[in-house]
Amino acid sequence: MSDHKHDSGHHGEGHHEQTFIEKYIFSCDHKVIGIQYLFTTMVMVVLGGTFALLIRLQLAWPDSSLVAKLVSTPDKYNQYLTMHASIMIFGVIIPSLVGAFGNFVVPLMIGAKDMAFPRLNMLSYWLVPPAVFVMLLGLVLPGGTAAAGWTSYPPLAGAQYSGVGQTGWVLAVIILGGSSTMGAINYLATILGMRAPGMTLLRMPLFVWAIFITSVLTLFATPVLASALTMQLLDRAFGASFFVHTAGGQPLMFQHIFWFYSHPAVYIMILPAMGIVSDVLAVFSRKPIFGYRAMIYSICSIAGFGFIVWGHHMFTSGMSPTLSTTFLITTFFIAVPSAVKSFNWLGTIWGGSLRLTTAMLWALGFVGMFAIGGLSGIYSAAVPVDLYIHDTYWIVAHIHYVLFGGSLMGVFAGVYFWFPKMFGRKMDEKLGKLHFWLTLILYNFVFMPMHILGLGGMQRRIYSWKIYPHLYQLQEINVFMTVSLIALGTVQAIFFWNIYKSLKGGEKVGNNPWESTTLEWQTSSPPIAHGNFEKIPTVYRGAYEYNSELGPYAPQTLPDDKVRSMAKA
Amino acid sequence: MKPRVLTGLALAALAATLTGCSWEYLIPISITETSDKIDLLMWVIIWITMIVFIGVEVVLVWFILKYRDMGDGRKPVYTHGSNKLEAIWTGIPVLILIVLAVWSENLLNAEIRAIPEKPDVRIKVTARQFNWNFEITESSGEQIDEASRPIVDTGMHSTETAEPDRHFPKEFISGYDNLTPLKIPVDRTTVFEITSLDVIHSFWVPEFRIKQDAMPGHVNRIWIRPNKTGLYPIVCAELCGNGHYRMAGRLEVVTGEEYDAWVAEQASGGSDELF
Ligand code: HEM
Ligand SMILES: [Cu+2]
Ligand SMILES: [Cu+2]
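**Some points on the nonpolar core**
Within the largest apolar cluster, 265 residues are counted, with the highest numbers of intra-cluster contacts made by Phe366 of chain A together with Leu182, Phe192 and Phe203 of chain B. With 22 residues, the single largest contributor to this core is helix H4 (residues 74–110) of chain A. Once residues within four sequence positions are removed from consideration, phenylalanine 366 of chain A is found in contact with Ile270, Ala273, Met274, Val277, Trp345, Ala371, Gly405, Gly406, Ser407, Met409 and Gly410 of chain A.

**Thoughts on the interface of chain A and chain B**
In this complex, chain A contributes 100 residues to the contact, which on the side of chain B involves 92 residues. Between chain A and chain B, roughly 8600 Å² of surface is buried when both sides are summed, and carbon and sulfur atoms account for 70% of that area. When the area that chain A buries against chain B is broken down by residue, the three leading residues are Tyr388, Ile467 and Gln473 of chain A, summing to 8%. The tally of links between chain A and chain B comes to 24 residue pairs in polar contact (both at pLDDT 80 or more). Examining the composition of the side of chain A that touches chain B, we find that 13 residues originate from one element, helix H11 (residues 321–349) of chain A, more than from any other.

**Observations regarding the packing of aromatic side chains**
Counted under the stated rule, the structure contains 55 aromatic pairs over all chains. When the ring of phenylalanine 207 of chain A is compared with that of tryptophan 418 of chain A, the centres are 5.5 Å apart and the planes differ by 50°; the resulting orientation is tilted. Residue phenylalanine 207 of chain A is located in helix H7 (residues 206–238), and its partner tryptophan 418 of chain A is located in helix H14 (residues 393–423); the two are separated by 211 residues in the primary sequence. Like tryptophan 418 of chain A, phenylalanine 207 of chain A is buried. An angle of 40° between the planes, with centres 6.1 Å apart, marks the rings of phenylalanine 192 of chain B and phenylalanine 208 of chain B as tilted. Here phenylalanine 208 of chain B lies in the loop between strand E7 (201–204) and strand E8 (211–214) and phenylalanine 192 of chain B lies in strand E6 (residues 190–196), a separation of 16 residues in the sequence. Note on accessibility: phenylalanine 192 of chain B and phenylalanine 208 of chain B belong to one class, buried. Among the aromatic residues, ring-to-ring pairing joins Phe90, Trp150, Phe242, Phe243, Phe254, Phe258 and Trp259 of chain A into one connected group.

**A word on the environment of proline 337 of chain A**
All names here are of chain A. Inspection of the secondary structure puts proline 337 in helix H11. By relative accessible area, which is 6% here, proline 337 ends up buried. Between the C-alpha atom of proline 337 and that of histidine 30, which follows or precedes it by 307 residues, the distance is 31 Å. In contact with proline 337, other than residues within four places in its own chain, are Ser298, Ser301 and Ile302.

**Regarding the pattern of salt bridges**
All names here are of chain B. Tallied over the entire structure, the rule returns 17 salt bridges over all chains. Ionic pairing is found between aspartate 39 and arginine 209, a salt bridge with its closest N-O pair at 2.7 Å. In this pair, aspartate 39 is assigned in helix H2 (residues 33–67) and arginine 209 in the loop between E7 and E8, connecting sequence segments 170 residues apart. You'll find aspartate 39 and arginine 209 in the same group, each marked buried. Here lysine 183 and glutamate 252 are joined by a salt bridge, their closest N and O atoms 4.0 Å apart. Separated by 69 residues along the polypeptide, lysine 183 in strand E5 (residues 182–185) and glutamate 252 in strand E11 (residues 249–254) bring together distant segments of the chain. The same class applies to lysine 183 as to glutamate 252, namely buried.

**Overview of the coordination of the copper ion (ligand 3)**
All names here are of chain B. Within the protein, the copper ion (ligand 3) binds to His201 (ND1), Cys236 (SG), Cys240 (SG) and Met247 (SD); these donor distances fall in the range 2.1 to 2.5 Å. Around the copper ion (ligand 3), the four donor atoms are arranged such that angles at the metal cover 89 to 125°; this shape is classified as tetrahedral. Between the donor residues of the copper ion (ligand 3), the gaps in sequence give the motif H-x34-C-x3-C-x6-M. For cysteine 240, a relative accessible area of 0% gives the class buried. The buried category is assigned to methionine 247, whose relative accessible area is 0%.

**A short note on the coordination of the iron atom of ligand 1**
Residue and element names in this part refer to chain A. From the protein, the iron atom of ligand 1 takes a single donor atom, His398 (NE2), 2.2 Å away. Separating the iron atom of ligand 1 from the copper ion (ligand 2) is a gap of 4.7 Å. Mapped onto the secondary structure, histidine 398 falls in helix H14.

Reading guide: rules and limits
- Within every chain, residues take consecutive numbers counted from 1 along the sequence as written.
- Chain letters and ligand numbers both follow the written order, the letters beginning at A and the numbers at 1.
- Reporting in this predicted model follows two pLDDT cut-offs: at least 70 for local features of residues, and 80 or more for side-chain atom pairs to be given and counted; totals over whole chains, interfaces and linings ignore these cut-offs and use all residues.
- Heavy atoms from the whole structure form the basis of all side-chain values; hydrogens and water molecules are not counted.
- Nonpolar cores are built from buried Ala, Val, Leu, Ile, Met, Phe, Trp, Tyr and Cys residues. Side-chain atoms within 4.5 Å join them into one set.
- The cut-offs for exposure are 20% and 50% of the maximum accessible area for each residue type, with area from a 1.4 Å probe on protein chains only; residues under the lower value are buried, those over the upper are exposed, and the others partly exposed.
- Per the convention used, a helix needs a DSSP run of H or I reaching at least four residues, while a strand needs a run of E reaching at least two, with both numbered from the N terminus.
- Between two residues, a contact is recorded if the distance between any of their heavy atoms is within 4.5 Å.
- Summed over both partners, the accessible area (1.4 Å probe) lost when two parts come together is defined as the buried area.
- Any pair of nitrogen or oxygen atoms within 3.5 Å is treated as a polar contact; in protein, a donor-acceptor pairing is required on top of that, and neighbouring residues in sequence qualify only through side-chain atoms on both sides.
- Between the rings of Phe, Tyr and Trp (Trp by its six-membered ring), a pair exists once the centres lie within 6.5 Å; its type follows the angle of the planes, with under 30 degrees stacked, over 60 edge-to-face, and the other angles tilted.
- Should a side-chain nitrogen of Lys or Arg be within 4 Å of a carboxyl oxygen of Asp or Glu, the pair is scored as a salt bridge.
- Each metal's donors are the N, O and S atoms found within 2.8 Å of it, except that Na, K and Ca use a 3.2 Å limit; water is left out, so coordination can look incomplete.
- For four-coordinate sites, all angles between 85 and 135 degrees define a tetrahedron; for four- and six-coordinate sites, opposite donors beyond 155 degrees with the remaining angles between 65 and 115 define square planar and octahedral shapes respectively, and all other cases count as irregular.

Function-wise, these values are silent; they only describe arrangement.
Okay, structure coming up:
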């Protein structure tokens, strides 16, 4: 990736012809793999968004004949909603946060030459495209693809009620889980074993902490998902009966095993974004992060609690009262660390000198929107209330405030923040800000009304609400949301245009355009292909020394006296 | 009552300005004492979360405006945090959440889980793709023998029926109106024993607030004691296949006398009530 001599638009494939495949396709370089993940997820997000659009068109105009051409049957609708959620979760959020930024940034941030197992890393990436292909393949098969929702509960997802598309889905998710698990091992080995001299655990930037703990979650939770899916596969393909009640199996057991993974997984989907946001807020507030240790304790307690709250997805399933009381208590408590983190973010910007770059705007947007998703979680923790809002649009609102307003905004912050490090050029700030504001507003237009639909009694995953007279009053809201979604989708073109334009002709930058202290900014942009650093740096202090008595900012790699003389110059 | 109305108005005004629509209700009416209590808990949570929400957003915007870099060379505060503040903003949420947790748990135990041993009416609910079957097994506290049990079946949309054509919904509205309602008496306790013959469904009358999954191979119980007569929708809340969206039923809460008469009539063989 050091090949950036050419200034303008000619395609430079000519001069690295023999190595192109090695360099950009089957590369073992964590930076290339990170960028591969990033571009893959950009394709996926368009795909997932298209499915979302189909769902919403149907909900806004359930008896338009135009929409009928696109969403011809209820079964198609269920397929689209299953694909939407599966692609967004397994193909966008996890691979962008963990795959793209984890890969590109973590080794740089800790001063490592690469990941601990570069080949394994390449394999992790290369499992993703075939898995997604297998998942989508069902769309063109006669029986269609999976249609039982991303949660894929048997018996609906069992052999009797679903087709070969469901088998494809199960295989795909097992493969993706394998990819995540390999990634987790790689991050753990890298973070624990390859830190530069002086980089103690308590000097690591919060993004590294986030990936560290996320990897612990992944390592413990994902194999459990694999076991649930393997049992489902055995039921489907080989006549086993783990979840087949007519043959002595237990459908409810699937839910327990599934959520034992999937609750930790929701934190796999948010912790890295929280890490990005913490780092971006500190850099652009020109202040140390507020409560660094409290942040770490929060991350760790989220991880701990994350394993004992899974049953809160099953309050209506009829599990034993003792169990549901346990999950009620733990679920209330898991809200605390998220609250603590939010307050510490406010503490970080307090008294700062905020540079409102595009990356900073996304990070601030995250703080504002994640708060909504966190607060709506409380409603579900209160079991009597959850008995009402479970399986309604309220939950859909909750998911999207944490995953779009949270995780995806974190991804956007990360893209605008690290783009200069990836490509040696900045993204266009004007376009970036336009993209941010339009997205922020339209996003709320699409998802805020979902709270009202949920309270109004609209179930989730329904093809048409026209059956029920009590849902008619929600028609205008549904139309409003769909129109907003079309606008929201269109606005994303600004982002893709910005990427394209900035790749070709964005403002060139030096090593450290944001005047940041962390290690990735203390090497060239982009970092050299082999080894990242000319010489493995030594780390002298924590990650957030801004405006201390040493000077405006103290790169982790410079000893005190050098920082002082840098400040004078 | 007052805070409810206020928040309701605020939310409804927000929604109405957003959509320009006419607004009937924010939440379907509540028809049992239990659901009143659930609503109260919900409104308290709405108030708490609204205050926190507004607080966080106001502080966020205020800090952004106040501390943005205006190029005047103001030096940012250098601090790594404050243990006192951490204790405060950990402690206060913990206290609030403990209150909510205890309240939720008490409400569960005192009401929702307190299924009466001897209810006035016992109804077996059997879900299947994509309809509901209701069989009254006990009435006025007495077992009804199998042959004369009233049965209501929303059998118009079994799997065998061809997929409705696109414009089905409109006709379905009349279909919905023609569904035979299940009748239960007001001011008496009814226990629903819910199960499924195929996949997982979820039995839900929004006016009860409570929903309960119908699990194949299991019987889950809920109980209610309605205090308002009227006609209410029964919906399936758990994705159960391509007809999930149209797995509808109707519930009619009637006076005790009307109910008794209905049961007697059903028992004497008025079974062509099946739609
Ligand atoms: C503030 C703490 C949080 C609490 C107390 C909380 C609580 C809950 C509860 C109880 C449910 C189940 C609701 C139901 O289906 O009835 C739920 C659903 C969900 N939550 Fe959270 N949550 C919190 C934060 C998060 C975060 C940070 C994420 C992800 C980034 C998240 C993602 C989800 C998703 C994806 C679902 C829906 C799963 C599905 O049914 O498809 N939540 N949450
Ligand atoms: Cu959860
Ligand atoms: Cu159903």
